[in-house]
Amino acid sequence: MEAIRTKDLTKRFGNLVAVDRVNLEIGQGELFGMLGPNGAGKTTFAKMLSTLLKPTSGYAEVWGNDVTLKQDEVRRCIGVVFQDPSIDEKLTGRENLDFHARIYGLKKELRERRIAEVLDLVDLTEKADIQLEAYSAGMQRRLEIARGLMHHPRVLFLDEPTLGLDVQTRQHIWNYIKTLNRKEGVTMFLMTHYMEEADYLCQRIAIIDKGRIIALDTPQNLKRLTGADVISIEADSDRSLGNLLQNFGWVEWMREEDGVLNLGVKEGKARIPEIVVAAYQGGVAIKSISLHEPDLEDVFLKFSGRKIREGEGDAKQHFK
């Protein structure tokens, strides 16, 4: 049995197709990522899996439970770490966890044992009896993750778990997530638009754009899809450098975005002199040229024709 399985899962809001016939199978204990810009359909997809939205069509199950017909069973086996803060700052860390455990019907002895366990997991035992208004943003995020694990969920949804945190705190949260996945054995479904986060944490990644899965594989295999290297070129000319280079056999793919021409090539270092010569002979002045190993941004650019960070100012659909 898979932890999560969907077949042609679709959600429409009027004429807008927010999730478009998504097929996924996620294994038990897997740390799975869904990567895409805001508005791509990540949160809508997770809302359907967690019974907060009814699918328009298609099928989904979580831990063998149909998300439409067995909503109570689904809710009992999942935990959610919301994108927006959802903890009571007037309560202590222990009181927040205790309140959550009572909602799930945990008996007193089990509640106390589990609170101690999850506080230890996220290294907050010494801060357990301090009001949350005295916690740092990173400590509050760790407590929210601990709360999501209180009732021993089979599947934990993490919606942008490090949004708004500084780089150092984000790295600490990543390490906690990896540790929790290993120690608790819980399946984790991570929604993020941070490429580094998905790359560092996830065993497999589904890249989603406009409601559709455009690529799905391990981070390493996804990056191999772009070619061995990526060359980015900014030219100062009315003539198209892309037209000059499109017939070169070593160009795996080509995308122009924000005035920068991006090429997926093999043996990129050896190709730079050829590019410079072709530009010179074609009357195109190169302003800058750079070479880097492919990352998940390049994967998204190859398949969608734009960068993943485009559209981040769009209205967000929060996991509420």
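Here the structure is shown first, and the text comes after it.
What counts and how
Residues numbered from 1 in each chain as written. Predicted model: local features only at pLDDT ≥ 70, side-chain atom pairs only at ≥ 80, totals over all residues. Heavy atoms only, no water. Helix = DSSP H or I, 4+ residues; strand = E, 2+ residues; numbered from the N terminus. Buried < 20%, exposed > 50% of the residue type's maximum accessible area, 1.4 Å probe, protein only. Areas by Shrake-Rupley, 256 points an atom, 1.4 Å probe, with all protein chains shown as cover. Lys, Arg positive; Asp, Glu negative; His and termini not counted. Charge placed at Lys NZ, Arg CZ, Asp CG, Glu CD. Expected span 1.5 Å × (residues − 1). Arc of directions from axis to C-beta. Contact = heavy atoms within 4.5 Å. Pairing = 2+ DSSP bridges. Axes fitted to C-alpha atoms, helices over the stretch in contact; angles between N-to-C directions. 1 Å grid on protein atoms, 1.4 Å probe; cavity = no way out; pocket = protein on both sides within 12 Å on 5 of 7 lines; lining within 4 Å. Points joined across faces, edges and corners; volume = space filled by probe spheres on them. Nonpolar A, V, L, I, M, F, W, Y, C, P; charged D, E, K, R; others polar. Phe/Tyr/Trp six-rings, centres within 6.5 Å; stacked < 30°, edge-to-face > 60°. Lys NZ or Arg CZ within 6 Å of the ring centre and 35° of its normal.

1. Some words on the overall build of the protein chain
For the protein chain, the count of helices and strands is 11 helices and 14 strands. Seen through its principal axes, the protein chain has C-alpha atoms that stretch 80 × 45 × 30 Å. Counting over 320 residues, the protein chain shows a buried share of 51%. Surface exposure of the protein chain reaches about 15300 Å², of which carbon and sulfur atoms provide 46%. Computed over 45 positive and 49 negative side-chain charges, the inter-centroid distance for the protein chain is 5 Å.

2. With respect to helix α10 (residues 268-281)
The α-helix winds at 3.6 residues per turn, so residues separated by three or four positions along the chain end up facing the same way. End to end, α10 covers 20 Å across 14 residues, agreeing with the expected 20 Å (1.5 Å per residue, within 8%). Those residues of α10 not exposed but buried are G268, R271, I275, A278 and A279. End-on, the buried residues of α10 take up no more than an arc of 95°, which puts them together on one face. Residues of α10 that are exposed and angled more than 90 degrees away from the buried face: K269, Y280 and Q281. Those residues of α10 hidden inside the fold are in contact with β11 (229-236), α9 (241-245), β13 (260-265) and β14 (285-292).

3. Examining the sheet that holds strand β5 (residues 65-66)
Read from one edge of the open sheet, 4 strands run β2-β1-β4-β5, paired in antiparallel fashion. In this open sheet, the two edge strands, each paired with only one partner strand, are β2 (16-26) and β5. Here 7 bridges tie strand β1 (residues 4-13) to β2, and the two strands are oriented antiparallel to one another. Across the sheet, K11 pairs through a bridge with V19, a residue of β2.

4. So, the sheet that holds strand β7 (residues 155-159)
In spatial order, the strands read β6-β7-β8-β3-β9-β10; together these 6 strands make up an open sheet with mixed pairing. With partners counted over all chains shown, the strands left at the sheet margins are β6 (78-81) and β10 (212-217), one partner each. Ignoring which end each strand starts from, the neighbouring axes of this sheet average 20° apart. Bridge count between β6 and β7: 4 bridges; the pairing is parallel. Looking at the pairing, I78 lines up with V155 of β7. Running over the sheet, helix α5 (residues 137-148) touches β6 and β7 and is turned about 170° from β6. Together, β3 (31-35), β7 and β8 (187-192) form the strand contacts of helix α6 (residues 167-184), whose direction differs from that of β8 by roughly 155°.

5. Here we look at the layout of surface pockets
Approximately 280 Å³ is the volume attributed to the largest pocket. Lining the largest pocket are 15 residues, and of these G79, V80, F82, H100 and Y104 lie nearest its centre. Looking at the lining of the largest pocket, the elements with two or more residues in it are β6, α3 (93-103) and α5. Across the lining of the largest pocket, the residue classes break down as 7 nonpolar, 6 polar and 2 charged.

6. Some details on the packing of aromatic side chains
Going through the model one piece at a time under the given rule, you end up with 5 aromatic pairs. Put simply, the rings of F32, F45, F157 and F189 touch in pairs and so form one group of aromatic residues. A cation sits over an aromatic face here: R170 above Y194, 4.0 Å from the ring centre. A cation over an aromatic ring shows up here: K178 above the ring of Y200, its NZ or CZ 4.3 Å from the ring centre.

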